[in-house]
Amino acid sequence: MAELRAAVIGASGIGKHHAKWLQRLGCPVKAIAGSSPESARATAAKLGEMFGFEGEAYGSVEEMLGAGSYDLISIASPEEAHYDHFMRALDHGAHVLCEKPLLFDHAQPADAMLRQAEAMVAAAEDSERIAAVNTQYVAGCEAYHSLMEARGVDEGAPKRFFMQMESRGGAEGTDFEQIFVDLGPHPISVMMGFCGPGRMLKESASCSVEQKRVEARFGYEMESGGVCAVEIVCVNRPEGDLIRRFGINDRLVDYEGRNDAEGVYRTYLTYEGEESCHQDFMEASLERFVAAAKGTAQRPLATVAEGCENLRMQLALLAMAQRV
């Protein structure tokens, strides 16, 4: 199979990890697009140090798409630009991976954002390209199941789901509701990974917002039957130890990422004092996306349709959010 040529839109932040994994997965990164020629050149230099990037650096998405042909395009630009960049990448004929949230534009009302998300889903279906959203923590479901199976634990159907996700945050504008804009897609995706298709029961839902903490609770009616009680906690913790924990039916694991003895970045889950090592969630997400594009995997970890449903729940919770 011919190698897949990759490009990354917005490679200075989380996009640098998209670029790194695409390169390591055998998809040479031929180009990056930044917000200006100067920023693109600076990012290219950093990627050169990171993994030997030798591709072209463009000061705009238009210039990059007009200059070359790419099989895969990863979008890690600001969330308000996701819709435009996603549509351009699909029109280019590429398979597309979009960073979370699928989109978010504070200048638009929720219904307008949902219409754009639904248009992204429809465009992806019409294009017959692989279209995914990078809510990589959904890979935690597979790691969790593997750990419980190794321990001989009968998980049972999901009746309760809990996830607490904390980040350093600290940057201006990452408090209050913005915490949930930035972090909320991850626990929602993990919940969907455990529970499968379904719908949020809005009459049971609540969302409380503090400066550094957002808590959301709701019932999730599963298509497979039954209702799962969901509790999500997202925290901006600039200092101190981070709490990162998830699980179903009160069997919770703590997770962290760090290098193993060979210098490879891994995810570590701890359950009842015992630690297990698993593939890095970001690597898993990029690897499944590439495999789906090659036709060696049935689907990516999280499809753009699932990203749309994720956004729908996120927006519904933010609409009812109460500051305390």
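Keep in mind that what you see is a predicted model, and the values were worked out from it rather than measured. (Residues numbered from 1 in each chain as written. Predicted model: local features only at pLDDT ≥ 70, side-chain atom pairs only at ≥ 80, totals over all residues. Heavy atoms only, no water.)

Caption draft 1: Looking closely at the sheet that holds strand β6 (residues 131–134). Taken in spatial order, the six strands make up an open sheet running β3-β2-β1-β4-β5-β6, and their pairing is parallel. Two strands in the sheet have a free side with no partner beyond their single neighbour: β3 (56–58) and β6. With direction set aside, neighbouring strand axes in the sheet form an average angle of 15 degrees. With four bridges joining them, strand β1 (residues 6–9) and strand β4 (residues 72–75) adopt parallel strand pairing. Residue pairing across strands places Ala-7 opposite Ile-73, the latter belonging to β4. Of the strands in this sheet, β4, β5 (95–99) and β6 are in contact with helix α9 (residues 281–294), which crosses β5 at around 160 degrees. (Pairing = 2+ DSSP bridges. Helix = DSSP H or I, 4+ residues; strand = E, 2+ residues; numbered from the N terminus. Axes fitted to C-alpha atoms, helices over the stretch in contact; angles between N-to-C directions. Contact = heavy atoms within 4.5 Å.)

Caption draft 2: Main features of the sheet that holds strand β11 (residues 245–248). Ordered in space as β14-β13-β12-β11-β7-β10-β9-β8-β15, the nine strands form an open sheet in which the pairing is mixed. The open sheet has two edge strands with one neighbour each: β14 (274–279) and β15 (322–323). Of the pairings in the sheet, the one linking strand β8 (residues 198–209) to β15 comprises two bridges and is parallel in character. Among the inter-strand pairings, Val-209 is bridged to a residue of β15, identified as Arg-323. Seen against the sheet, helix α8 (residues 185–195) touches β7 (160–167), β9 (213–222), β10 (227–236) and β11 and runs at an angle of roughly 155 degrees to β7. Relative to the sheet, helix α10 (residues 304–319) contacts β8 and β9, its axis offset from that of β8 by approximately 40 degrees.

Caption draft 3: Highlighting unusual backbone geometry. Geometrically, the link from Lys-100 to Pro-101 is a cis peptide bond, its omega value of -15 degrees lying close to zero. Relative to the helices and strands, Pro-101 resides in the loop between β5 and α5 (110–127). Backbone geometry at Glu-128 places phi at a positive 60 degrees, although glycine is not the residue there. Looking at the secondary structure, you find Glu-128 in the loop between α5 and β6.

Caption draft 4: Region of the structure containing the packing of helix α4 (residues 82–91) against α5. Viewed as axis vectors pointing N to C, α4 and α5 meet at an angle of 10 degrees, and their least axial separation amounts to 10 Å. Judged on the interaxial angle alone, α5 and α4 are roughly parallel. Only Gln-116, Ala-119, Met-120, Ala-123, Ala-124 and Ser-127 of α5 make contact with α4, whose side of the interface consists of His-82, Tyr-83, Phe-86, Met-87 and Leu-90. Grouping the amino acids of the contact of α4 with α5 by side-chain chemistry returns eight nonpolar, three polar and no charged. (Parallel < 35°, antiparallel > 145°, perpendicular 65-115°, else oblique. Nonpolar A, V, L, I, M, F, W, Y, C, P; charged D, E, K, R; others polar.)

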